[in-house]
Amino acid sequence: MLAQIFEATGFSTVLVTNMPYWAEKMGTPRTIGVEFPYGHMLGTPGNREMQMAVIREALSLLEDAQKPGVIRELDIEWPQPFDEAKRDWQPAEPSPIVAMMLEQRRKAAQQAHAGGEAGSTQS
Amino acid sequence: MPVDSFKYLPGSIAAYYRNMPVQKLEPVPFTPLAKPLSESRFALVTTAGVTAGDQPPFDQEGERRNPMWGDPTYRHISRDVRQDEIGAWHMHINNRDILEDVDVVLPIHRLLELEAVGAIGSLAPTSYSFMGYQMDNREWREKYAPEVAGLMKDEAVDAVLLTPA
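Here the structure is a predicted model, which means the values were calculated and not measured. (Residues numbered from 1 in each chain as written. Chains lettered and ligands numbered in written order. Predicted model: local features only at pLDDT ≥ 70, side-chain atom pairs only at ≥ 80, totals over all residues. Heavy atoms only, no water.)

### Re the packing of helix α3 (residues 48–64) of chain A against helix α4 (residues 108–116) of chain B
Test applied: Interaxial angle, 0 to 180 degrees, is taken between N-to-C directions of lines fitted to C-alpha atoms, where a helix line uses only the stretch in contact. For the purposes of this entry, the term helix denotes a DSSP run of H or I that reaches at least four residues, the term strand denotes a run of E that reaches at least two, and both are numbered from the N terminus. Every angle not falling under 35 degrees, over 145, or within 65 to 115 is termed oblique; those three ranges are roughly parallel, roughly antiparallel and roughly perpendicular. With the far helix as reference, a near helix turned anticlockwise by less than a right angle produces a left-handed crossing, and one turned clockwise produces a right-handed crossing. In this description, contact between two residues means that some pair of their heavy atoms is separated by no more than 4.5 Å.
At a minimum axis distance of 10 Å, the contact between α3 of chain A and α4 of chain B shows a crossing angle of 70°. It follows that α3 of chain A is roughly perpendicular to α4 of chain B by the angle criterion. Crossing angle aside, the handedness with which α3 of chain A passes α4 of chain B is right-handed. Facing α3 of chain A, whose interface residues are Arg48, Gln51, Met52, Ile55, Arg56 and Leu59 of chain A, α4 of chain B presents Arg110, Leu111, Glu113 and Leu114 of chain B.

### So, the interface of chain A and chain B
Put simply, the test is: The term buried area denotes the loss of accessible surface (1.4 Å probe radius) that occurs when two parts are joined, taken as the sum for both partners. Basic side-chain nitrogens of Lys or Arg form a salt bridge, by our definition, when they fall within 4 Å of a carboxyl oxygen of Asp or Glu.
On the side of chain B, 69 residues touch chain A, which itself brings 75 residues to the contact. Summing the contributions of chain A and of chain B, the shared interface buries around 6,400 Å²; its carbon and sulfur component is 67%. Among the residues of chain A in contact with chain B, Phe6, Phe11 and Glu35 of chain A are the three that bury the most area, contributing 11% of the side total. Across the chain A-chain B interface, the total number found is three salt bridges. Among the ionic pairs, Glu113 of chain B bridges to Arg48 of chain A, the shortest N-O distance being 2.7 Å.

### Let's talk about the side chain of Asn18 of chain A
Threshold: For each residue, the accessible area found with a 1.4 Å probe, counting protein chains only, is set against the maximum for its type, and the residue is called buried under 20%, exposed over 50%, and partly exposed in between. In the analysis that follows, any N or O atom pair within 3.5 Å is treated as a polar contact, provided that within protein one partner can donate a hydrogen and the other can accept it, and provided that, for residues neighboring in sequence, both atoms belong to side chains.
If you trace the backbone, Asn18 of chain A turns up in the loop between β1 (12–17) and α2 (20–26). A residue is classified by how much of its surface remains accessible, and Asn18 of chain A, at 6% relative accessible area, is buried. Separated by 3.0 Å, the side chain of Asn18 of chain A and the backbone oxygen of Phe36 of chain A make a polar contact. Excluding residues that lie within four positions of it along the chain, Asn18 of chain A makes contacts with Val34, Phe36, Pro37, Tyr38 and Met41 of chain A together with Val3, Asp4 and Ser5 of chain B.

### A word on the pattern of salt bridges
Inspection of every chain in the model, using the stated rule, returns 17 salt bridges over all chains. The salt bridge involving Glu57 of chain A is made with Arg72 of chain A; its shortest N-O contact spans 4.0 Å. In this pair, Glu57 of chain A sits in helix α3 while Arg72 of chain A sits in strand β3 (residues 70–73), placing the two residues 15 residues apart along the sequence. For Glu57 of chain A, a relative accessible area of 31% puts it in the partly exposed group. Across the pair Arg96 of chain B and Asp97 of chain B runs a salt bridge whose closest N-O atoms are separated by 3.6 Å. With a relative accessible area of 13%, Asp97 of chain B lands in the buried category. One connected set of salt bridges, linked through shared partners, spans Arg48 and Glu49 of chain A together with Asp103, Arg110 and Glu113 of chain B.

### Looking at the domain arrangement of chain A
Short version of the rule: What marks off one domain from the next here is an automatic or database domain assignment.
By the assigned domains, chain A splits into domain 1 (2–90) and domain 2 (91–123). Taking the mean C-alpha position of each, domain 1 of chain A and domain 2 of chain A sit 38 Å from one another.

### Quick look at the confidence of the model for chain B
Note the threshold: pLDDT runs from 0 to 100 and stands for how confident the predictor is about each residue.
In this model, chain B carries an average pLDDT of 96, and 99% of its residues clear a pLDDT of 70 or more. Reported confidences for the modelled complex are a pTM of 0.94 and an ipTM of 0.96.

### What to know about the packing of aromatic side chains
Geometry of an aromatic ring pair is reported as the spacing of the ring centres plus the angle between the planes. All names here are of chain B. Let me state the cut-off plainly: The aromatic pairing rule takes the rings of Phe, Tyr and Trp, using the six-membered ring of Trp, and pairs them if the centres are within 6.5 Å, calling planes under 30 degrees apart stacked, those over 60 edge-to-face and the rest tilted.
Tallying each qualifying case throughout the model produces eleven aromatic pairs over all chains. Between Tyr16 and Tyr17 the ring centres are 6.0 Å apart and the planes differ by 55°, which places this aromatic pair in the tilted class. Tyr17 sits in the partly exposed class, given a relative accessible area of 29%. On the numbers, 5.9 Å between centres and 70° between planes, the contact of Tyr74 with Tyr144 is edge-to-face.

### Details of α3 of chain A
Rule in force here: Multiplying one less than the number of residues by 1.5 Å gives the expected span of a helix.
The end-to-end C-alpha separation of α3 of chain A is 24 Å, in line with the 24 Å expected for 17 residues at 1.5 Å each. For α3 of chain A, the complete set of buried residues consists of Met50, Gln51, Met52, Val54, Ile55, Ala58, Leu59, Leu61 and Leu62 of chain A. Buried residues along α3 of chain A sit against β1, β2 (30–33) and β3 of chain A together with β1 (41–46), α4 and β7 (159–163) of chain B.

Printed below as a string of structure tokens:
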């Protein structure tokens with residue numbers, strides 16, 4: 001959405017995202033898709049070559065795109081085992097909304113359990 | 001190889017995102033790059049919740065009080081920023097790698113290198129950092145994004161590289 005506003009204000013924008021699905025749905029002017037974990041759109045820390053490779057693709061898309069909505073997906077592999085990467089990007093402590101949802105789910109399960117017990121004592 | 005947009009999400013959240021209705025902006029806005037890259041001035045915009053120096057953190061207490069709310073304000077990040085000045089306050093990602101190397105989301109030092117070799121015209125004096133957890137993006141749309149657009153105009157920015165988080 002920020003990209004759309006800046007583009008409409010007269011800037012040429014390029015978005016580097018791991019969710020090109022959303023970029024396509026929303027209508028982003030130029031998109032580089034990377035299959036990287038959240039919070040790491042340019043690569044791994046201290047990896048100058050990887051970061052530069054992504055940036056160079058973004059720059060060339062800025063130059064090449066002739067129409068809005070172009071999405072270029074990069075074939076750069078994340079250099080970490082999948083399970084580890086999937087765990088590592090997540091915050092140590094669940095975000096407030098996730099904590100709230102987990103609490104709601106716990107309460108609902110508890111209620112269902114209590115309801116089941118009440119039912120069995122009546123029978 | 002097509003990118004799997006849901007690869008790193010837990011299953012329940014992936015399903016939620018996949019089914020969330022989205023209004024596509026039509027027509028998609030488009031501003032062709034007016035100059036060669038080697039003459040273009042860049043700004044960077046991230047939504048990774050980065051701060052610099054003694055700037056106030058993004059409001060985590062407010063989000064704890066109301067989990068549906070995220071701090072919609074933004075911070076100016078100078079091209080002179082040092083890694084040891086970087087703070088990171090996004091509650092939906094692990095901020096450890098940003099605190100080690102801000103360039104994983106806001107590649108200021110990479111752009112300075114590209115400027116030094118003439119691959120881009122320049123990196124503008126200021127880049128910008130938002131915090132991407134916004135259930136309601138009205139304040140971005142109506143207030144903060146137009147404000148940042150104005151600041152970028154003042155610094156003669158041509159092109160913007162954005163990284164969401």
